[in-house]
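In case you want the letters, here they are:
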Amino acid sequence: MPGIDECLLEVMRLPGARGASVVDWTSGLALGTIGESPNGDHEATAAETAEVARMTAEQPAFARLVARDSADRSGEAPGTAVEDVIVTTQDGYHMLRFVETAFDSSVFLHLWLSRSEGNLAMARLRLGELAERLVLA
């Protein structure tokens, strides 16, 4: 199971990867970064993408919000959480992949992918695999 640095190195092996980070969406702080930043400042990018992640994750329009423990007691399936957010720009893609943990996680992976060199579908699948294996210490 990879830690943050190993996870980011694996993300950068994706064709077209320009930059990546692991961000806490509560504080907006980058827990780790690699490669380029779209605006030249990894910390500013982390804060900006955290706003998008927070707005998405907290909106009932995107996910039915049912607590896991209450769903377990009632026999219902837990609420559908947002898995990822994809923002398309003229020259690239920004993918935010939420990291599920046993504790109340507020962490996501951010990948900045070149539109001409990257494969969005492959990157989405690979980022999902990495998010499942990521160990936060």
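**Overview of the confidence of the model for the protein**
And then number 1: Chain-level pLDDT for the protein is 86 on average; 82% of the residues reach the 70-or-more range.
And then number 2: Below pLDDT 50 for its whole length, residues 70–77 participates in five contacts with residues either more than four positions away or in separate chains.

**Section: the pattern of salt bridges**
And then number 1: Going through the model one piece at a time under the given rule, you end up with 10 salt bridges.
And then number 2: When the shortest N-O distance is used, the salt bridge between Arg-97 and Glu-83 registers 4.0 Å. Within this pair, whereas Arg-97 is found in strand E4 (residues 92–99), its partner Glu-83 is found in the loop between helix H3 (68–74) and strand E3 (84–88), the two being separated by 14 residues in sequence.
And then number 3: In this structure, a network of salt bridges that share partners links the residues Glu-10, Arg-126, Glu-129 and Arg-133.

**Digging into the nonpolar core**
And then number 1: In this structure, Val-11, Leu-109 and Leu-111 are the most contacted members of the largest nonpolar core, which totals 20 residues.
And then number 2: At the level of elements, helix H1 (4–11), strand E1 (17–24), E4, strand E5 (107–114) and helix H4 (120–133) are the ones that each hand at least two residues to this core.
And then number 3: Residues in contact with Val-11, not counting those within four places in the same chain, are Ala-17, Ala-20, Leu-111, Leu-127 and Leu-130.
And then number 4: Listed in part, the 11 residues of the second largest apolar core include Trp-25, Ala-46, Leu-96 and Phe-108.

What counts, and where the lines are drawn
Residues numbered from 1 in each chain as written. Predicted model: local features only at pLDDT ≥ 70, side-chain atom pairs only at ≥ 80, totals over all residues. Heavy atoms only, no water. pLDDT = per-residue confidence, 0-100. Contact = heavy atoms within 4.5 Å. Salt bridge = Lys/Arg side-chain N within 4 Å of Asp/Glu carboxyl O. Helix = DSSP H or I, 4+ residues; strand = E, 2+ residues; numbered from the N terminus. Core = buried A, V, L, I, M, F, W, Y, C linked by side-chain atoms within 4.5 Å. Buried < 20%, exposed > 50% of the residue type's maximum accessible area, 1.4 Å probe, protein only.

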